[in-house]
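Coordinates in review
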Amino acid sequence: MEYILLGLLALRGQTIYELSKNMKNTVALSYSDSLGGIQAALKKLMDKEWISCSEMVERGKLKKVYSIEAPGREQLLDWLRSPIPIDKLKDLAVARLFFLGLLPASDCAKVIEGYTVSLTEMHRHLTALEIQASLMEPGIPEEKREIYRWQLLSLRYSVDQYAFGAKWYSELLKNMTEGGGPSDGNLHGA
């Protein structure tokens, strides 16, 4: 989470609540956006002197605004340049799928149906978000467009990922309800 926070702070200084909101609207699919987790990560970043915090009063309320410092920016850029570790890409749903055979078939179908519905809903949400984001693109200042394009690409990846998952689990459910079972081989290329 530390590097996610550094990335968000590289865009602009933010309060903890802004960081939480921006995580929820951007990378929460990959990282938790809990305030407790963000607070702990901010403390680590402060201890490393990768970020700083300034206090300001706005509408009678004291606000702490976190900003990235040069060492933090350097660490972020090094992280961005480093190879992406493929073994770190974990999907809890795949682990659950691995053990689903321990449940009775009727329970398996309920779990798969519920997950398919959740994937489909998230796909719809992300698609709507992608449409909104693309409509905002003309208003993005020229010096920020390249950053914005990469952010849109991450959103496109998530849209495609959820579309694939929804289709794959939907096909699995169809096979299960038509009596083919979960392993009849019809899911290749779903």
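That block above? That's the structure.
Below or above, wherever it landed, is the structure these notes cover.

Conventions adopted
Residues numbered from 1 in each chain as written. Predicted model: local features only at pLDDT ≥ 70, side-chain atom pairs only at ≥ 80, totals over all residues. Heavy atoms only, no water. Helix = DSSP H or I, 4+ residues; strand = E, 2+ residues; numbered from the N terminus. Buried < 20%, exposed > 50% of the residue type's maximum accessible area, 1.4 Å probe, protein only. Contact = heavy atoms within 4.5 Å. Patch = residues over 30% accessible without salt bridge, like charges linked within 9 Å, V, L, I, M, F, W, Y side chains within 5 Å. Areas by Shrake-Rupley, 256 points an atom, 1.4 Å probe, with all protein chains shown as cover. Salt bridge = Lys/Arg side-chain N within 4 Å of Asp/Glu carboxyl O. Phe/Tyr/Trp six-rings, centres within 6.5 Å; stacked < 30°, edge-to-face > 60°. Lys NZ or Arg CZ within 6 Å of the ring centre and 35° of its normal. Arc of directions from axis to C-beta. Axes fitted to C-alpha atoms, helices over the stretch in contact; angles between N-to-C directions. Parallel < 35°, antiparallel > 145°, perpendicular 65-115°, else oblique. Left-handed = near helix turned anticlockwise from the far one by under 90°. Nonpolar A, V, L, I, M, F, W, Y, C, P; charged D, E, K, R; others polar. Polar contact = N/O pair within 3.5 Å; in protein donor to acceptor, adjacent residues only side chain to side chain.

1. Points about the overall build of the protein
Per the secondary structure count, the protein includes seven helices and two strands. Listing the helices and strands of the protein from first to last along the sequence gives α-α-α-β-β-α-α-α-α. When the 190 residues of the protein are sorted by exposure, 27% land in the buried category. Counting only contacts in the protein whose residues sit at least 6 apart along the sequence, the fraction spanning at least 24 positions is 51%.

2. Focus: a nonpolar patch on the surface
On the surface, Leu77, Trp79 and Leu80 cluster together into a nonpolar patch covering about 270 Å² of accessible area. Structurally, the position occupied by Leu77 is in helix α4 (residues 70-81).

3. Quick look at helix α1 (residues 2-11)
Burial in α1 covers these residues: Glu2, Ile4, Leu5, Leu6, Leu8 and Leu9. Where α1 is buried, its residues contact α2 (16-25), α3 (35-47), β1 (51-58), β2 (61-68) and α4.

4. Notes on the packing of aromatic side chains
Counting across every chain of the model gives five aromatic pairs. Here the aromatic rings of Tyr3 and Trp79 are separated by 5.0 Å at their centres, their planes lie at 10 degrees, and the arrangement is stacked. Separated by 76 residues along the polypeptide, Tyr3 in helix α1 and Trp79 in helix α4 bring together distant segments of the chain. Residue Tyr3 is classed as partly exposed on the basis of its relative accessible area of 25%. Assessed through its relative accessible area of 33%, Trp79 is described here as partly exposed. For the ring pair Tyr115 and Tyr169, a centre distance of 4.9 Å and an interplane angle of 90 degrees mean the geometry is edge-to-face. In this pair, Tyr115 sits in helix α6 (residues 105-136) while Tyr169 sits in helix α7 (residues 145-177), placing the two residues 54 residues apart along the sequence. With a relative accessible area of 8%, Tyr169 lands in the buried category. A cation over an aromatic ring shows up here: Lys48 above the ring of Trp50, its NZ or CZ 4.5 Å from the ring centre.

5. Structural notes on α2
Within the span of α2, buried status applies to Ile16, Leu19, Ser20 and Met23. In a view along the axis of α2, the buried residues occupy a sector of 100 degrees, so they form one face of it. Pointing more than 90 degrees away from the buried face of α2 are the exposed residues Tyr17 and Lys21. The inward-facing, buried residues of α2 abut α1, α3 and β2.

6. Some thoughts on the packing of α6 against α7
A pair of packed helices is characterised by two quantities: the angle between their axes and the separation of those axes. Two numbers describe how α6 lies on α7: the axes approach to 8 Å, and their chain directions differ by 155 degrees. Of the possible angle classes, the one that applies to α6 and α7 is roughly antiparallel. Taken as a pair, α6 and α7 cross one another with a handedness that is left-handed. Here the residues of the contact of α6 with α7 sort into 22 nonpolar, eight polar and three charged.

7. What to know about the side chain of Arg145
Considering the arrangement of structural elements, one finds Arg145 in helix α7. Polar contacts involving the side chain of Arg145 include one to the main-chain carbonyl oxygen of Pro138, which spans 2.8 Å. Leave out the neighbours within four places in its chain, and Arg145 touches Glu137, Pro138 and Ile140.

None of this, on its own, says anything about what the molecule does.
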